[in-house]
Amino acid sequence: MKPLNYIGFPEVRTAAAGRWEGIHRALGIQLATTSHTKHTPCPGCGGRDRFRLDATYQDTGRWICGGGGDTQAGDGFSLLGHVFGWTPLEQLKAVADYLGLSSANDKERETLRRKAEAMQAKMQEDARRLDEQALRDSNLLMELRELEDQIRHRQYLQRQAHKATSLYRVCITPLEDELSAACAVNTMILESYAHYSAGANQ
Ligand SMILES: [Zn+2]
């Protein structure tokens, strides 16, 4: 096997994005469907309905196989391992060959590498944003629970007051904690929306 020089997974993955169905079929994987909502027999380990493609299949080659109750999943490269038993290096070489990258010149490889770096940076940035959003959401949920507790507590006090003075409707003003919790929740929701609209304008 001719060594691949310095072309690696990031570069080949970049070039393969959007082309996984063609790659898999050309390399001999028989896909029953490319719909990610349909369960089919696994092209590797058979069965009846244990296999399905991910919604991002064309871009990433991602798949999920229930196996014998032992779920496996991976990207377009690893499906070649699951079906044909190829090692990661064999998977890389086969996809690179199919895409004509094994004979790519240095300039073409450099372009692919830059593109791969940019794509990875973007994926990391997206993951970081998602983490931040998840943190904001969980903080917001905690504030909402606290507010709910405080409201329940006030309602309890109000019911007690009704019982104590059965002839009068007694209204207990919102507790100070309750008001500040409501304000905090309000601020967090506004901040969250500000983030979304800022994101949409980028
Ligand atoms: Zn399988």
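Attention in this report is confined to the structure presented alongside it. A quick note: this is a predicted structure, and the numbers were derived from the prediction, not measured.

Definitions and limits used
Residues numbered from 1 in each chain as written. Predicted model: local features only at pLDDT ≥ 70, side-chain atom pairs only at ≥ 80, totals over all residues. Heavy atoms only, no water. Donors = N, O, S within 2.8 Å, 3.2 Å for Na, K, Ca; no water. Tetrahedral: all angles 85-135°; square planar, octahedral: opposite > 155°, others 65-115°. Helix = DSSP H or I, 4+ residues; strand = E, 2+ residues; numbered from the N terminus. Buried < 20%, exposed > 50% of the residue type's maximum accessible area, 1.4 Å probe, protein only. Core = buried A, V, L, I, M, F, W, Y, C linked by side-chain atoms within 4.5 Å. Phe/Tyr/Trp six-rings, centres within 6.5 Å; stacked < 30°, edge-to-face > 60°. Contact = heavy atoms within 4.5 Å.

Once that is clear, we can look at the coordination of the zinc ion. Coordination of the zinc ion by the protein involves Cys 42 (SG), Cys 45 (SG), Cys 65 (SG) and His 82 (NE2), with metal-donor separations of 2.1 to 2.3 Å. With 4 donor atoms in place around the zinc ion and angles of 101 to 120° between them, the coordination shape is tetrahedral. In terms of primary sequence, the donors binding the zinc ion are separated according to C-x2-C-x19-C-x16-H. You can see Cys 45 sitting in the loop between β1 (40-42) and β2 (46-53) and its partner Cys 65 sitting in strand β3 (residues 63-65), a full 20 residues away along the chain. On the basis of relative accessible area, Cys 65 is assigned to the buried category, the value being 0%.

Glancing now at the nonpolar core. Judged by nonpolar contacts, the single largest core of 24 residues is most densely connected at Val 12, Trp 20, Phe 51, Val 95, Leu 99 and Leu 101. Contributing elements (two or more residues each) for this core: α1 (9-16), α2 (20-26), β2, β3, α4 (76-84) and α5 (88-98). Among the elements that make up this core, the one with the highest residue count is α4 (4 residues).

Let's shift gears to the packing of aromatic side chains. A complete count under the given rule lists 4 aromatic pairs for this structure. Each ring, one from Phe 9 and one from Phe 77, has its centre 4.8 Å from the other, and the planes form 85°; the classification is edge-to-face. Highlighted residues: Phe 9 in helix α1 and Phe 77 in helix α4, separated in sequence by 68 residues. Consider the rings of Trp 20 and Phe 77, whose centres lie 5.2 Å apart with planes at 80°: the pair is edge-to-face. Taken as a pair, Trp 20 in helix α2 and Phe 77 in helix α4 lie far apart in primary sequence, 57 residues in all.

What follows covers α1. Structural remark: α-helix, 3.6 residues per turn; residues separated by three or four positions point the same way. When α1 is considered as a whole, its buried residues turn out to be Glu 11, Val 12, Thr 14, Ala 15 and Ala 16. Check the buried side of α1 and you find it contacts α2, α3 (57-60), α4, α5 and α6 (106-164). Residue Gly 18 follows α1 closely and has a positive phi angle near 85°.

Looking at the element boundaries, Leu 92 is found in helix α5. A sequence separation of 84 residues divides Leu 92 from Gly 8, and the C-alpha atoms of the two residues are 7.6 Å apart.

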